[in-house]
Amino acid sequence: MTFYKEHSKVWVSVDVIIFGFDESKLKILIGRRQMDPGRGEWSLYGGFVGADESLDTATSRVLNGLTGLRNVYMQQVGAFGSVDRDPGERVISVAYYALINVSDYSEKLRSEHGLEWVDINHVPTLYSDHNVMVSMALKMMRQKIKTEPISFRLLPQLFTLTQLQRLYEAVMGEEVDKRNFRKRIKDMDFIEKTELIDKKMSKRGAALYRFNRKMYNDNFKL
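In this report, we go over the structure that sits alongside the text. Since this is a predicted model, take the numbers as computed values, not measurements.

## Quick look at the overall build of the protein chain
Piece 1. Within the protein chain, the regular secondary structure consists of six helices and nine strands.
Piece 2. Judged by the C-alpha coordinates and their principal axes, the protein chain covers about 70 × 40 × 30 Å.
Piece 3. Of all 222 residues assigned to the protein chain, the portion counted as buried reaches 42%.
Piece 4. Considering only residue pairs separated by 6 or more positions, the protein chain has 65% of its internal contacts joining residues 24 or more positions apart.

## Topic: the packing of aromatic side chains
Any aromatic ring pair is given by two values, namely how distant the centres are and how the planes are angled relative to each other.
Piece 1. Applying the stated criterion to the full structure yields nine aromatic pairs.
Piece 2. Their ring planes at 0° and their centres at 4.5 Å tell us that Phe152 and Phe211 sit as a pair that is stacked. Linking Phe152 in the loop between α3 (130-147) and α4 (161-172) with Phe211 in strand β9 (residues 206-211), this pair joins segments that are 59 residues apart in sequence.
Piece 3. Given a relative accessible area of 15%, Phe211 falls into the buried group.
Piece 4. Aromatic ring contacts, followed pair by pair, group Phe152, Phe159, Phe190 and Phe211 into a single cluster.
Piece 5. The ring of Tyr127 carries Arg33 above its face, with NZ or CZ at 4.0 Å from the centroid.

## A word on helix α1 (residues 55-67)
Piece 1. Over its 13 residues, α1 runs 18 Å from end to end, which matches the ideal 18 Å to within 8%, given 1.5 Å per residue.
Piece 2. Every buried residue belonging to α1 is among Ala58, Thr59, Val62, Leu63, Leu66 and Thr67, and all of these are buried. Looking down the long axis of α1, one finds its buried residues gathered within 140° of arc, a one-sided arrangement.

## Brief notes about the pairing of strand β7 (residues 115-119)
Consecutive side chains along a regular strand alternate between the two faces of the sheet.
Piece 1. Here β7 lies mainly inside the structure; four of its five residues are buried.
Piece 2. Summarising the sheet, strand β2 (residues 25-32) and β7 pair through five bridges and their orientation is antiparallel. The partner of Ile28 across the bridge, within β7, is Val118.

## What to know about the layout of surface pockets
Piece 1. Its boundaries defined by the atoms lining it, the largest pocket holds a volume of some 550 Å³.
Piece 2. If you trace the largest pocket, you find 26 residues lining it, with Arg33, Met35, Ser43, Gly46 and Gly47 closest to the centre.
Piece 3. Secondary structure elements with two or more residues in the lining of the largest pocket: β1 (11-22), β2 and β4 (45-48).
Piece 4. A per-class count over the lining of the largest pocket returns 10 nonpolar, nine polar and seven charged.
Piece 5. In this structure, the second largest pocket spans a volume of roughly 360 Å³.

Calculation notes
- Residues numbered from 1 in each chain as written.
- Predicted model: local features only at pLDDT ≥ 70, side-chain atom pairs only at ≥ 80, totals over all residues.
- Heavy atoms only, no water.
- Helix = DSSP H or I, 4+ residues; strand = E, 2+ residues; numbered from the N terminus.
- Buried < 20%, exposed > 50% of the residue type's maximum accessible area, 1.4 Å probe, protein only.
- Contact = heavy atoms within 4.5 Å.
- Phe/Tyr/Trp six-rings, centres within 6.5 Å; stacked < 30°, edge-to-face > 60°.
- Lys NZ or Arg CZ within 6 Å of the ring centre and 35° of its normal.
- Expected span 1.5 Å × (residues − 1).
- Arc of directions from axis to C-beta.
- Pairing = 2+ DSSP bridges.
- 1 Å grid on protein atoms, 1.4 Å probe; cavity = no way out; pocket = protein on both sides within 12 Å on 5 of 7 lines; lining within 4 Å.
- Points joined across faces, edges and corners; volume = space filled by probe spheres on them.
- Nonpolar A, V, L, I, M, F, W, Y, C, P; charged D, E, K, R; others polar.

Everything listed is a geometric property; what it means functionally is a separate question.
Encoded structure:
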């Protein structure tokens, strides 16, 4: 038996805003659109949702195909369904944002997909409503980073406090007081100082820290 025959069908897709942190700047991954309509325009990366997929499953598939990474941190941004948002068909898109460590992402894979990392402050005009998706994702991430340690998804396993501060400033789009920032960080038990030293960031060397996920989960998650 066939149901809902009296209703028109629409396409459902997912689009992903992939954030990365590189050269002290927050960046997103975009590429030239490879299909019509909009062929050649700058665009986010996405795909249509399969009949046997949930939204999360489809997004994970898209992310894995693009980056080769699994278990990527992602959060749903919202649904975008303006009637004329896609001149090809009636398409409703659900946007997600994802956080990855740039060094984990294969340059070979990036090149094969024809993608570019662009500074969040210099995002070009994107296809359809993708600029709106990016703005909403950034706003959501700024709220999230104040209450949850999601910033560590963008950093290497070992990092300096300078790296952490620069990341926070890049996400928030404003400078923070170094002394107050470091005092606040050192009061967080789940950020551990190691005995390792990084001499790339400064000639004197800087202490390397790491995020203790177990300690955070045991003490701060319900």
